[in-house]
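Structure at a glance
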Amino acid sequence: MGRRRKRKTIKIVKKKLPKYFVCPRCGARSVVVVVEGEMAKVKCSQCGLSANLQIVGPSHPVDIYCRFSDLFYAGKIG
Ligand SMILES: [Zn+2]
């Protein structure tokens, strides 16, 4: 007979790192933000531009990436 199928599919969307961001130097979407404790490593796998940033306040990769590009445009990295 008919099987009662009660399938509850719960999709858990894992927001997993790494996420890729656009590199301010070479323009490739290859910048990775890796959060390690109180530090964040930001690196472009295309041109090698990288920086270690201390995490202050929000630690979303996008926040860190923003600081990374700010620093780059300020001439502090690269
Ligand atoms: Zn790059």
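Note that the coordinates shown come from a computational prediction; the quantities given were computed from them, not determined experimentally.

**Comments concerning the pattern of salt bridges**
Scanning the entire structure with this criterion turns up 1 salt bridge. Salt-bridge contacts for Glu-36 lead to Lys-41; the nearest nitrogen and oxygen are separated by 3.8 Å. Assessed through its relative accessible area of 45%, Glu-36 is described here as partly exposed.

**Considerations on the coordination of the zinc ion**
Those donors, Cys-23 (SG), Cys-26 (SG), Cys-44 (SG) and Cys-47 (SG), are the protein atoms that reach the zinc ion, and they lie 2.3 Å from it. Coordination at the zinc ion is tetrahedral: its 4 donor atoms span angles of 106 to 114° at the metal. What makes Cys-26 partly exposed here is its relative accessible area of 34%.

**A word on the packing of aromatic side chains**
If you walk through the whole model with that rule in mind, you get 2 aromatic pairs. With a centroid separation of 4.6 Å and an interplanar angle of 10°, the aromatic rings of Phe-21 and Tyr-65 are classed as stacked. Residue Phe-21 is located in strand β1 (residues 20-22), and its partner Tyr-65 is located in helix α1 (residues 61-73); the two are separated by 44 residues in the primary sequence. Residue classification places Phe-21 among the buried residues on the basis of a relative accessible area of 9%. Judged by relative accessible area, Tyr-65 falls into the buried class, the value being 15%. Ring centres 5.5 Å apart and planes at 70° place the aromatic pair Phe-72 and Tyr-73 in the edge-to-face group. Look at Tyr-73 and you get exposed, because its relative accessible area is 61%.

Conventions and cut-offs
- Residues numbered from 1 in each chain as written.
- Predicted model: local features only at pLDDT ≥ 70, side-chain atom pairs only at ≥ 80, totals over all residues.
- Heavy atoms only, no water.
- Salt bridge = Lys/Arg side-chain N within 4 Å of Asp/Glu carboxyl O.
- Buried < 20%, exposed > 50% of the residue type's maximum accessible area, 1.4 Å probe, protein only.
- Donors = N, O, S within 2.8 Å, 3.2 Å for Na, K, Ca; no water.
- Tetrahedral: all angles 85-135°; square planar, octahedral: opposite > 155°, others 65-115°.
- Phe/Tyr/Trp six-rings, centres within 6.5 Å; stacked < 30°, edge-to-face > 60°.
- Helix = DSSP H or I, 4+ residues; strand = E, 2+ residues; numbered from the N terminus.

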